[in-house]
Structure formats: C-alpha cells, structure tokens
Amino acid sequence: MSTTPGGPEYLDTTGPADAEPGNDNRKRLIALGALGATAVVVAGGAWAATSFFATGSQPAEALPDSTVAYFSIDLDPSGGQKIEAIKTLRKFPAFTDQVDLETDDDLRERLFEEITSSGACEGLDYAKDVKPWLGSRAAMAAVDLGEDEPAAVGVVQVTDSGKAEDGMSKLVDTCGGGEDVEGEVGGWVVDGDWMVISETKEIATQVVEATDGGTLADDAAFGTWTGEAGDDGFMSFYVAKGVTKYADELGGMGSMMGGPLMMQGADEAMGDTAVEGDEVPEELQQLIDDFDGAAATVRFDDGAVEVEYAMSNYQQDMTKYMESDEGVSMVGGLPGDTVAAFGLSLTEGWGDAMLDYVKSTMPDEAGDIDEQLSQLETETGLAIPEDIETLMGDGMTLSLGSGIDPDAIANGGPGEVPVGLKIKGDAGEIQAVLDKIAAQAPPEMAEFMQVTEGDGYAVLALQDDYRGKLESGGDLAETDDYQAVVESDDAQSVLYVNFDADDDWLVRVTEDMPEVSENVAPLSAFGVSGWVDGDVMHGLFKLTTD
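In this report, we go over the structure that sits alongside the text.

**Observations concerning unusual backbone geometry**
For the bond running from isoleucine 384 to proline 385, omega is 10 degrees, close enough to zero to count as cis. Note on placement: proline 385 falls in the loop between helix 14 (366–380) and helix 15 (386–392). With a phi angle near 55 degrees, aspartate 502 is a residue other than glycine that sits in the positive phi range. You can see aspartate 502 is positioned in helix 21 (residues 501–509).

The structure is reproduced here in structure tokens:
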C-alpha cells in the first residue's frame with residue numbers, strides 16, 4: 001500500500017531467502033508465521049506515514065450523496081498524528097533506510113518524486129508546476145450516476161483554481177503522452193477548492209453537478225457509519241448501502257471488508273458464488289438487501305497504530321450465536337506471561353445454524369453435503385454438528401505460553417511447544433468426543449488428546465508444565481500490554497500477541513536473521529477485538545511499539 005519506496009518492506013527482508021537448510025529453517029518458519037499476524041497492520045503503517053485524516057474541509061464535500069464507496073487521505077497532515085506516525089515508523093531501521101521521513105517533510109513532494117522517478121514525466125517540476133496549486137487532501141470514490149457501473153472518481157484539494165487548471169494541463173501533457181496519444185487521457189473539473197478527476201470531463205462534470213442535490217459530507221448514512229468507526233484518523237473508508245446495486249461488478253459484498261466476527265461461509269457465498277446469467281441466489285440476494293453500510297478509520301496514538309471498523313450486521317441469523325464474551329473472559333484469565341492467545345464463544349445451536357447456512361448458500365450441493373457428513377459419522381462415530389459444539393464448549397481459548405525454544409521444538413517435536421486449549425464445558429463429555437477422534441489418528445497424535453479438568457474447564461495441552469499453568473489460570477487481563485491492545489469492555493472475540501513476552505521471543509527466534517530481528521524489535525503487542533452491537537459489527541486492530 002505504501003506510496004514510498006519499500007514502505008512495507010521493513011518486515012519483509014530478503015533474509016529468509018538465503019537461509020541454510022536444517023533446524024534454522026524451522027526457527028525461521030516460526031518467526032515468519034508470527035510476522036504474518038501483523039504484516040497487514042505494519043505495512044499499512046508505512047502507508048500511514050503519508051496520510052492523516054485531519055479535521056477541516058474534506059473531499060466528501062466535493063462528492064454527491066450518491067457516492068457508494070469512498071477512500072480519503074491527507075498528504076500533508078497537521079497536528080499530533082503526523083508527528084506520532086513518523087516517530088513510530090522511525091523506530092524501524094528498514095523504514096529509515098528506505099523512506100527516512102522527517103516530521104517536517106512535505107509528503108506531497110515525496111510522493112511526487114516517487115511517481116516521477118521512472119522518468120515518464122521528464123520536464124515537470126514540483127516547485128514550479130505542482131506545489132503552487134496542490135492542496136493536502138485527496139480521495140478516491142465510486143459514484144452512482146445511474147449507469148450500469150459506478151463512475152471512478154478522484155478528488156484533489158486545490159489552493160489556486162487558475163494555477164490548478166494550468167498545472168493539471170501540463171501534468172497530463174507531460175505525463176500522459178501529449179498530442180501523440182489518441183483520445184481523451186482524462187478529464188477534470190475545478191470547482192471551488194476541489195478538482196474532480198475522472199475518465200472524461202463529461203463524467204467529472206456530472207459528478208460536480210450531482211452535488212447540487214446533496215453532498216456526501218451531509219449525507220446522514222455517511223455521518224452515521226463514519227461515526228460508528230470511532231474517532232477521526234489519517235485514513236477513512238466508507239461503503240454505502242447503494243453499493244449493493246453493483247454487487248456483481250464489485251465482486252460481491254463479502255470481499256468489501258473482513259473482520260474477526262465474519263463467518264467464512266458468508267465470505268465465500270458473497271464473494272465467490274457463481275451467478276449464472278442475471279440470476280442471483282435467493283440467500284445471496286437477501287444478504288445483499290440486508291447490508292446497510294460500513295466504514296473504517298486508521299489512526300496513530302501514542303506509539304500505536306490502530307484500524308477500527310464498523311459494518312452493517314447483515315448476517316444476524318449467524319452473529320446472534322457470537323454475542324457472548326465468555327471466550328474473551330477466558331483469555332483474560334490466562335497466565336500473565338502468555339505469548340499469544342485467541343478466544344471466542346459460540347452459544348448453543350450454532351453448529352446446526354452454520355450447517356444450514358452453508359447448505360442454503362450451495363443448494364445444489366446440499367444433498368452431497370448431507371451424504372458426506374453421514375459417511376463421516378459412520379466412519380468416525382462422531383455426531384455432527386453436536387460433537388463439534390461439545391468440543392467448542394461455552395467458550396474456548398487457544399494459547400501459546402512462555403518457554404519457546406526453537407531448537408528444542410525442532411529436535412523434540414510437538415511436546416516441546418507450550419501450546420494448549422482451554423474449554424468451558426464438561427471435561428468428560430469433551431474427552432468422549434476426543435476419544436472418537438483419537439481412534440482415527442496416528443498414535444503419536446492420539447497421546448496428546450487427553451484432557452484434564454480445572455475449575456469447570458477442560459484443559460488440553462502438548463506440554464505438562466503448560467497444562468498446569470492453564471489449570472491454575474492467571475491475570476492476563478490485568479497486564480499493561482493486554483489492556484493497551486484489547487477492547488476488553490466490548491469484545492466478544494479476541495486475538496492477542498505479546499512480542500515482549502518470553503524475553504522478546506520474536507527477536508530471539510530471528511536472531512540469526514539480523515535484518516528481520518532489528519526490525520521486529522520495536523514491536524510490543526498486537527490485538528484484534530471483535531464485537532456485535534445490535535445492527536452493527538465492530539472490529540479493532542491495534543499494534544503497539546516499545
């Protein structure tokens with residue numbers, strides 16, 4: 001996502017490519033697996049160095065209320081977030097090596113230099129041709145103009161309308177190929193403090209004229225959803241209900257925004273369902289009809305980057321089974337030195353509901369699904385989905401404790417990994433289900449499928465010492481790192497990673513890859529919190545640094 005050279009690369013070095021075979025590769029795999037958990041957020045942080053959604057006039061004022069998708073940035077942010085963003089990103093050596101932004105840099109100029117670095121715009125001078133008219137805020141949008149497809153539009157703030165006209169003309173002539181290019185390279189209209197850019201001037205004019213009927217900034221739904229996404233940040237994203245009109249063209253609703261509370265089946269149904277001709281499956285159409293909007297914001301705060309989103313709960317028949325905080329409460333009761341943990345809870349009946357939902361999204365395969373499940377039940381003795389619900393209990397956690405030793409794991413096998421499950425439920429019933437699974441598993445796996453009971457919980461662990469810790473419980477929820485990244489008051493599902501735990505475990509397991517190790521050293525903790533509040537699904541991703 002970064003507009004600057006190598007922005008995301010500070011967690012993507014070439015170190016692993018030169019690794020020698022053997023146990024070191026096992027260590028690298030562990031390290032890279034952990035990096036994957038934060039790659040998206042940190043990569044977004046590199047982009048964030050060039051953006052900040054400040055207060056004041058915003059591009060939404062230049063777009064009509066028929067806008068169905070909107071992404072806004074600020075290329076010359078003011079206020080504390082710009083300083084905080086650059087201070088945070090400068091903690092990563094690869095960022096300073098590749099980007100090296102200072103808090104007083106003109107990010108517009110840096111972006112211009114990057115865009116023109118290929119030499120395609122030779123003769124264009126930023127100070128003379130661009131800076132005199134280019135404002136700080138910009139947006140990309142999709143606007144419903146009554147056509148079969150939404151119009152792709154760009155909006156740029158301008159400080160001098162006359163110079164903007166001349167500057168844009170020179171920019172297009174210089175970078176777009178000039179008179180040798182056939183047809184219209186692009187069209188734009190300068191309207192007050194904004195330049196609207198589109199494929200043709202006719203489209204840009206239509207967008208400007210459409211604002212007479214109401215702007216996006218004044219649209220009630222826009223205000224509601226951006227408000228649900230929390231405090232302003234440096235990037236803002238909005239999807240309107242009107243986007244459902246273009247569900248086929250935009251690849252389905254499921255691909256718009258992901259979240260910890262979204263079911264995989266829904267994403268598959270809405271993003272990958274094959275639609276023959278113009279026919280939309282009834283279940284898919286219902287989900288589309290029920291979607292009401294979504295928004296997200298990205299911001300820096302006190303050495304942390306966070307992404308918060310809110311979206312229409314258009315799957316209430318499924319999310320009603322996820323409205324318990326038991327799993328999150330269980331994560332909070334894990335040992336305080338926990339390295340990583342995931343927790344959630346599903347209420348009774350979720351298994352049948354999920355199975356019915358999957359079959360409803362694939363009606364032609366429903367019979368095959370029933371037949372395959374029946375065969376599986378015969379072969380294993382499992383009752384599906386009843387036994388799966390038993391295994392999940394009223395809440396569960398999957399956690400990784402301190403004591404990570406890559407060499408011991410590589411030489412000693414799974415029993416050296418301090419990982420375990422803690423399930424809220426009857427230990428005897430859970431063991432009975434595990435016995436059915438163990439009967440089908442290799443002996444070396446079956447030996448790990450024995451639970452013990454600890455204060456109303458069934459505990460399953462690969463390592464005896466860690467099993468004892470899980471049985472005893474702890475005070476993870478009281479630790480500073482946990483509280484910094486988890487929205488514990490609202491969360492109904494949570495993912496937590498503490499990079500400082502276990503003697504900076506991630507630095508340790510990457511110590512033979514200095515380029516990686518020095519760039520993960522600033523990481524402190526990472527959390528993903530998800531919750532449902534009536535008609536709205538919420539999510540918060542947060543990454544802190546030391």
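**Side note on the side chain of aspartate 129**
Here aspartate 129 shows up in helix 5 (residues 126–130). In terms of polar contacts, aspartate 129 uses its side chain to reach the side chain of lysine 170, at 3.2 Å.

**Examining the pairing of strand 8 (residues 304–312)**
Taken across its nine residues, strand 8 has eight buried, putting it largely inside the fold. As defined by bridge partners, strand 7 (residues 293–301) adjoins strand 8 across eight bridges and the pair is classed as antiparallel. Paired with arginine 299 across the strands is glutamate 306, a residue of strand 8. In this structure, the hairpin formed by strand 7 and strand 8 is closed by a connection of two residues, where aspartate 302 is found at a positive phi of approximately 50 degrees. Two strands pair when backbone bridges link them, and strand 8 and strand 16 (residues 536–545) are joined in this way by nine bridges, in the antiparallel orientation. Looking across to strand 16, one finds that alanine 304 is bridged to threonine 544.

**Some details on the nonpolar core**
Core analysis: the biggest nonpolar cluster contains 30 residues, and Phe499, Trp505, Leu506 and Leu523 have the highest contact counts within it. Ranked by residue count, the leading element in this core is helix 21, at four residues. Residues Ala141, Ala151, Val155 and Ala229 belong to the second largest nonpolar core, which totals 26 residues.

**Some details on the environment of valine 532**
Locating valine 532 in the fold gives a position in strand 15 (residues 523–533). In sequence terms valine 532 and methionine 311 are 221 residues apart; their C-alpha atoms lie 9.7 Å from each other.

**Things to note about helix 4 (residues 107–115)**
If you check which residues of helix 4 are buried, you get Leu107, Arg108, Leu111 and Phe112. The arc that holds every buried residue of helix 4, seen down its axis, measures 140 degrees, which confines them to one face. On its buried face, helix 4 sits against helix 5 and strand 2 (134–143).

**Re the pattern of salt bridges**
Evaluation of the coordinates by the stated rule reveals nine salt bridges. A salt bridge links arginine 299 to glutamate 306; the shortest N-O distance between them is 2.6 Å. For the residue pair arginine 299 and glutamate 306, the accessibility class agrees, reading buried in each case. Among the charged side chains, a salt-bridge network with shared partners connects Arg299, Glu306, Glu308 and Lys542.

**Let's talk about the packing of helix 13 (residues 350–361) against helix 14**
Axes are the key here: two packed helices are described by the angle between their axes and the distance separating the axes. The geometry of helix 13 relative to helix 14 is characterised by a closest axis approach of 8 Å and an angle of 140 degrees between their N-to-C directions. Regarding the angle of helix 13 to helix 14, the classification is oblique. From helix 13, Leu355, Val358 and Lys359 reach across to helix 14, where they touch Ala366, Ile369, Asp370 and Leu373. Of the residues contributing to the contact of helix 13 with helix 14, the split by class is five nonpolar, no polar and two charged.

**Details of a negative patch on the surface**
A grouping of Glu228, Asp292, Glu323, Asp489, Asp490, Asp533 and Asp535 is seen on the molecular surface, where their side chains present a negatively charged patch. Along the chain, aspartate 490 falls in the loop between helix 20 (480–485) and strand 14 (493–498). Judged by its relative accessible area of 37%, aspartate 490 falls in the partly exposed class.

**Structural notes on the state of the cysteines**
Each disulfide consists of one covalent bond between the sulfur atoms belonging to two cysteines. Scanning all chains against the criterion turns up one disulfide. Between the sulfur of cysteine 121 and that of cysteine 175 lies a disulfide, 1.9 Å long from S to S. Given an S-S torsion of about 135 degrees, the disulfide between cysteine 121 and cysteine 175 has right-handed geometry. Here cysteine 121 is found in the loop between helix 4 and helix 5, whereas its partner cysteine 175 is found in helix 6 (residues 161–175), with 54 residues between them in sequence. On the accessibility criterion, cysteine 121 (9% relative accessible area) is buried.

Cut-offs and rules
Residues numbered from 1 in each chain as written. Predicted model: local features only at pLDDT ≥ 70, side-chain atom pairs only at ≥ 80, totals over all residues. Heavy atoms only, no water. Helix = DSSP H or I, 4+ residues; strand = E, 2+ residues; numbered from the N terminus. Polar contact = N/O pair within 3.5 Å; in protein donor to acceptor, adjacent residues only side chain to side chain. Buried < 20%, exposed > 50% of the residue type's maximum accessible area, 1.4 Å probe, protein only. Pairing = 2+ DSSP bridges. Core = buried A, V, L, I, M, F, W, Y, C linked by side-chain atoms within 4.5 Å. Arc of directions from axis to C-beta. Contact = heavy atoms within 4.5 Å. Salt bridge = Lys/Arg side-chain N within 4 Å of Asp/Glu carboxyl O. Axes fitted to C-alpha atoms, helices over the stretch in contact; angles between N-to-C directions. Parallel < 35°, antiparallel > 145°, perpendicular 65-115°, else oblique. Nonpolar A, V, L, I, M, F, W, Y, C, P; charged D, E, K, R; others polar. Patch = residues over 30% accessible without salt bridge, like charges linked within 9 Å, V, L, I, M, F, W, Y side chains within 5 Å. Areas by Shrake-Rupley, 256 points an atom, 1.4 Å probe, with all protein chains shown as cover. Lys, Arg positive; Asp, Glu negative; His and termini not counted. Charge placed at Lys NZ, Arg CZ, Asp CG, Glu CD. Disulfide = S-S within 2.5 Å.

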